[in-house]
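Coordinate inspection notes
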Amino acid sequence: MARSGPPSATRVLARWTALGVLILVCSPPGASGQVRDRDARIPQSGELWVEIAPEFVSWNEQLAEGSPVVEDGRREPLFSDHDGSVAARLFPGVEPLLAIVNRDAEALGFQSLTEDDLSLGSLDFATIEVFERRIPLGIQFGVGGFAAIEVLAPIVKSEVETGFAFDSTSANILRAETALADPVSFFSQLDAAQSQLQSLISGGTLTPGDSAAAVQLMADTEAFQGALDTRITGQQYLFTSASSAG
């Protein structure tokens, strides 16, 4: 399993350095320190032992289901227990968006959508990593040369870092400002087409039926332009080409 140092090792080192200085200042004359493995020995009468044994561990895997022992067991990422999209559990659904999405459906030329027609894309766990810092502080005081009083303060701090993977290809709505590759060019061409249409209407060369159709087309294109511009400037949503309203 992956092992690494804690993300805030500098702060931890500073704290324990300060504690060590405090112990040295408060220790009686003649006090000394040494590094030793914990065993069955106890301090002599009147001796005070202070023990600090920090341990930093991190892991991002676990034994897969059915693995018998660590040595030959299969491993899997920690997020394997959280299969499936987590978007529905972490974020509100698309229902609050329906009123906004369908507000100008007629102007943009699509049928009003339902919640089943919309998807924000899938969001899944990509990584889960656990950092654990164990810094036990032990104090032993020798009594009578054959016993000791011991106080152990286990200091344990755990942190979990989680990463997510977002699949935008499964979404069928997106921010409106990203829907057009070149909004300036698009609206320029639309304005030019409307100018040509207006020239036909004003020229008086159309039959009454064609003139009425042209006037209606102008009204429709102006409504479409206004609704589209409102969505883009207002940072609202539009539909991908693969959606039912695309």
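Because the structure is predicted, anything quoted here is derived from the model rather than measured.

**Looking at helix 5 (residues 183–203)**
With 21 residues, helix 5 extends 30 Å from end C-alpha to end C-alpha; this agrees with the ideal 30 Å at 1.5 Å per step. When helix 5 is considered as a whole, its buried residues turn out to be Phe187, Leu190, Gln194, Leu197 and Ile201. All buried residues of helix 5 fall inside an arc of 80° around its axis, so they share one side. Turned more than 90 degrees away from the buried face of helix 5 sit Val184, Gln189, Gln196 and Gly203, all of them exposed. In this fold, the buried residues of helix 5 make contact with helix 6 (208–233). One or two residues past the end of helix 5 sits Gly204, with phi positive at roughly 75°.

**Regarding the sheet that holds strand 2 (residues 55–59)**
In spatial order, the strands read 2-5-8; together these three strands make up an open sheet with antiparallel pairing. On the outer flanks of this sheet lie strand 2 and strand 8 (156–167), each paired with one strand and no other. Neighbouring strand axes in the sheet, compared pairwise and without regard to direction, differ in orientation by 15° on average. Bridge count for strand 2 against strand 5 (residues 122–134) is five bridges, and the pairing is antiparallel. Directly across from Val57, in strand 5, lies its bridge partner Glu132.

**Considerations on the sheet that holds strand 6 (residues 137–143)**
Across the sheet, three strands lie side by side as 1-6-7; this open sheet has antiparallel pairing. A single partner strand is all that each edge strand has here, and the edge strands are strand 1 (48–52) and strand 7 (147–153). Put simply, the sheet's adjacent strands are angled 15° from each other on average, direction ignored. When strand 1 meets strand 6, the two strands line up antiparallel, connected through five bridges. Residue pairing across strands places Glu51 opposite Gly138, the latter belonging to strand 6.

**Re a nonpolar patch on the surface**
Where nonpolar side chains cluster on the molecular surface, the patch consists of Leu48, Val50, Ile52, Ile139, Phe141, Val143, Ile149 and Val151 and spans about 650 Å² of accessible area. Of note, Val50 is situated in strand 1.

**Section: the environment of Leu78**
Along the chain, the position of Leu78 falls in the loop between strand 4 (75–77) and helix 2 (87–90). According to the relative accessible area criterion, Leu78 is buried, its value standing at 13%. Along the sequence, Leu78 and Leu63 sit 15 residues apart, while their C-alpha atoms lie 9.0 Å from each other.

**Overview of the nonpolar core**
Counting 17 residues, the largest nonpolar core has Leu108, Leu118, Phe187, Leu228 and Ile232 as the members making the most contacts within it. Broken down by secondary-structure element, the contributors of at least two residues to this core are helix 3 (95–101), helix 4 (105–108), helix 5 and helix 6. Those residues within four positions of Phe187 in sequence are excluded, and the remaining contacts are Leu180, Gln225, Leu228, Asp229 and Ile232.

**So, the packing of helix 5 against helix 6**
Where helix 5 meets helix 6, the axes come as close as 10 Å, and the angle between the chain directions of the two elements is 160°. Considering their axes alone, helix 5 and helix 6 lie roughly antiparallel with respect to each other. Helix-helix and strand crossings are classified by hand; for helix 5 and helix 6 the assignment is left-handed. Between helix 5, through Phe186, Phe187, Leu190, Asp191, Gln194, Leu197, Gln198 and Ile201, and helix 6, the contact on the second element is made entirely by Ala214, Val215, Leu217, Met218, Thr221, Glu222, Phe224, Gln225, Leu228, Asp229 and Ile232. Broken down by class, the residue content of the contact of helix 5 with helix 6 amounts to twelve nonpolar, four polar and three charged.

**Topic: the confidence of the model for the protein chain**
When the pLDDT values of the protein chain are averaged, the result is 75; 71% of them are 70 or greater. Here helix 1 (residues 9–26) stands out as the element of the protein chain with the lowest mean pLDDT, 48, in contrast to strand 2, whose mean of 90 is the highest. For the stretch residues 1–10, pLDDT sits under 50, and the model shows 19 contacts to residues farther than four places along the chain or on other chains.

**Looking at the pattern of salt bridges**
Scanning the entire structure with this criterion turns up five salt bridges. Its salt-bridge partner being Arg134, residue Glu55 comes within 3.4 Å of it at the nearest N-O pair. Of this pair, Glu55 sits in strand 2 while Arg134 sits in strand 5; the two residues are 79 residues apart in sequence, bridging distant segments of the chain. Accessibility expressed as a relative area gives 41% for Glu55, which makes it partly exposed. Given the relative accessible area of 29%, Arg134 is considered partly exposed. The shortest N-O distance in the salt bridge between Arg231 and Asp104 comes to 2.5 Å. On the criterion of sequence distance, the pair formed by Arg231 in helix 6 and Asp104 in the loop between helix 3 and helix 4 is long-range, its members being 127 residues apart. Exposure class is identical for Arg231 and Asp104. Each is buried. When salt bridges with common partners are traced through the structure, they connect Glu55, Glu132 and Arg134 into a single cluster.

Criteria and cut-off values
- Per-chain numbering applies: the sequence of each chain, read as written, is numbered from 1 onward.
- A pLDDT threshold of at least 70 governs which residues receive local features in this predicted model, and a stricter bar of 80 or more applies before side-chain atom pairs are shown or counted, although totals over entire chains, interfaces and linings include all residues.
- As a convention, hydrogens and water are excluded, and side-chain values are obtained from all of the structure's heavy atoms.
- Every helix listed is a DSSP run of H or I at least four residues long, and every strand listed is a run of E at least two residues long, numbered separately from the N terminus.
- To estimate how far a helix should extend, the number of its residues minus one is multiplied by 1.5 Å.
- Exposure is judged per residue with a 1.4 Å probe applied to protein chains only, and the accessible area is read against the type maximum: over 50% gives exposed, under 20% gives buried, and values in between give partly exposed.
- Here the arc refers to the directions that run from the helix axis out to each C-beta atom.
- Contact between two residues is taken to exist if any of their heavy atoms lie within 4.5 Å; hydrogens are not considered.
- Between any two strands, pairing holds if DSSP finds at least two bridges.
- Convention adopted: a line fitted to C-alpha atoms gives each axis, helices being fitted over their contacting stretch, and angles between N-to-C directions are expressed from 0 to 180 degrees.
- Only residues whose relative accessible area exceeds 30% and that form no salt bridge are eligible for patches; like-charged ones are grouped when within 9 Å, while nonpolar side chains (Val, Leu, Ile, Met, Phe, Trp, Tyr) are grouped when within 5 Å.
- The Shrake-Rupley method, run with a 1.4 Å probe, gives the accessible areas here. Residue values count only the displayed protein chains as cover.
- One side-chain nitrogen of Lys or Arg within 4 Å of one carboxyl oxygen of Asp or Glu is enough to make a salt bridge.
- What makes a nonpolar core is a set of buried Ala, Val, Leu, Ile, Met, Phe, Trp, Tyr and Cys residues whose side-chain atoms join them at distances within 4.5 Å.
- Put simply, angles under 35 degrees are roughly parallel, angles over 145 are roughly antiparallel, angles from 65 to 115 are roughly perpendicular, and the rest are oblique.
- Each crossing gets its handedness from the near helix: less than a right angle anticlockwise from the far helix is left-handed, clockwise is right-handed.
- Charged residues are taken to be Asp, Glu, Lys and Arg, nonpolar residues to be Ala, Val, Leu, Ile, Met, Phe, Trp, Tyr, Cys and Pro, and polar residues to be all remaining types, Gly included.
- The pLDDT value tells you how sure the predictor is about a given residue, anywhere from 0 up to 100.

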